[in-house]
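Read off the chains here:
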Amino acid sequence: AQSVTQLDSQVPVFEEAPVELRCNYSSSVSVYLFWYVQYPNQGLQLLLKYLSGSTLVKGINGFEAEFNKSQTSFHLRKPSVHISDTAEYFCAVGSNDYKLSFGAGTTVTVRA
Amino acid sequence: DTGVSQNPRHKITKRGQNVTFRCDPISEHNRLYWYRQTLGQGPEFLTYFQNEAQLEKSRLLSDRFSAERPKGSFSTLEIQRTEQGDSAMYLCASSGPGQGSTGELFFGEGSRLTVL
């Protein structure tokens, strides 16, 4: 069984400040890890993914995440946020099947 | 637009009525998924099709729920005798060969159901 815990439900941040969204997972098998973003009134979009290889993965819009197997974490970071980054962010874990298990989400609100 | 299309986008119904949602996946994608998202929660897996075959149903999918994917193209999700607890966003996603096994899904904008 797989599960995801997103440690922060809401993250307020000022424009141009850095942001980190924390995600921990549990799984008994090898995993694939994802961050999806959901902008207001839009569908989920893939932000970035870790399948194998380098533990630091870069995604769209300047986001990056680091896979840490020993800490079972996959935290998402951006060094400088914009107002347009206001959205809900979901961490998800998959394995060698077809299902994703999502965390409860982190709402990021960027203020000027 | 060649993304995943869902309709209706919003549905308000009275308790006890039946509702049906439709999902049109990306045309070359052979896998189609239904998820449900309630307020303050992440999406939860409901069911999955590979081509026209329904390969798994979550225990969240009670016998009032039925999903079909005739001819392996679009899919429908029907809820019979709706209850207030069915109020949620119903998300459809699709994936192509090689993507689904790693969880790279393409989501539609969802169909929001409100049961009064």
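Before reading on, note that the structure itself is shown above.
Cut-off values and rules
- Residues numbered from 1 in each chain as written.
- Chains lettered and ligands numbered in written order.
- Predicted model: local features only at pLDDT ≥ 70, side-chain atom pairs only at ≥ 80, totals over all residues.
- Heavy atoms only, no water.
- Helix = DSSP H or I, 4+ residues; strand = E, 2+ residues; numbered from the N terminus.
- Buried < 20%, exposed > 50% of the residue type's maximum accessible area, 1.4 Å probe, protein only.
- Contact = heavy atoms within 4.5 Å.
- Core = buried A, V, L, I, M, F, W, Y, C linked by side-chain atoms within 4.5 Å.
- Salt bridge = Lys/Arg side-chain N within 4 Å of Asp/Glu carboxyl O.
- Pairing = 2+ DSSP bridges.
- Polar contact = N/O pair within 3.5 Å; in protein donor to acceptor, adjacent residues only side chain to side chain.

> Even after reading the chapter, I still don't get the environment of T106(A), so can you show me in this structure?
All names here are of chain A. For T106, the location among the structural elements is in strand β12 (residues 106-111). The exposure class of T106 is buried, given its relative accessible area of 1%. Taking the C-alpha atoms as reference, T106 lies 9.6 Å from C23; in sequence the two are 83 residues apart. With near-sequence residues (within four places) excluded, T106 lies in contact with Q6, D8, S9, V11, L21, A87, E88 and Y89.

> How should I be thinking about the nonpolar core in this particular structure?
Burial of nonpolar side chains together is a common tendency in soluble globular proteins. Counting residues in each nonpolar core, the largest one holds 28 residues, and the members touching the most others are L21(A), L33(A), W35(A), L48(A), F74(A), L76(A) and Y89(A). Top element by residues in this core is strand β10 (residues 87-94) of chain A. It accounts for four residues. If near-sequence neighbours (up to four positions away) are discounted, Y89(A) is found in contact with Q6(A), L21(A), W35(A), Y36(A), V37(A), L47(A), F63(A), L76(A), G105(A), T106(A) and V108(A). In this structure, L61(B), A88(B), L113(B) and V115(B) belong to the second largest nonpolar core, which totals 19 residues.

> Can you help me understand the pattern of salt bridges in this one?
In a structure, side chains of opposite charge can pair up when their charged atoms sit close to one another. Evaluation of the coordinates by the stated rule reveals nine salt bridges over all chains. Residue R77(A) pairs with E20(A) through a salt bridge whose shortest N-O separation is 2.8 Å. With R77(A) in strand β9 (residues 73-78) and E20(A) in strand β3 (residues 19-21), this residue pair connects regions lying 57 residues apart in the sequence. Residue R77(A) is classed as partly exposed on the basis of its relative accessible area, which comes to 27%. The class of E20(A) is partly exposed, set by a relative accessible area of 35%. Its salt-bridge partner being D24(B), residue R22(B) comes within 2.8 Å of it at the nearest N-O pair. Given the relative accessible area of 31%, R22(B) is considered partly exposed.

> I would appreciate a short explanation of the pairing of strand β3 (residues 19-24) of chain B in the present structure.
Residues and elements named next belong to chain B. Burial along β3 is one-sided: V19, F21 and C23 are buried, and none of T20, R22 and D24, which face the opposite way, are. Here β3 pairs with strand β8 (residues 75-79) via five bridges, running antiparallel. Its bridge partner being in β8, F21 is matched across the sheet by L77.

> For this particular structure, what's the right way to read the side chain of S58(B)?
All names here are of chain B. For S58, the location among the structural elements is in the loop between β6 (53-57) and β7 (65-68). From its side chain, S58 meets the backbone oxygen of F45 in a polar contact 3.4 Å long. Here S58 is in contact with F45 and L46, once residues within four sequence places are set aside.

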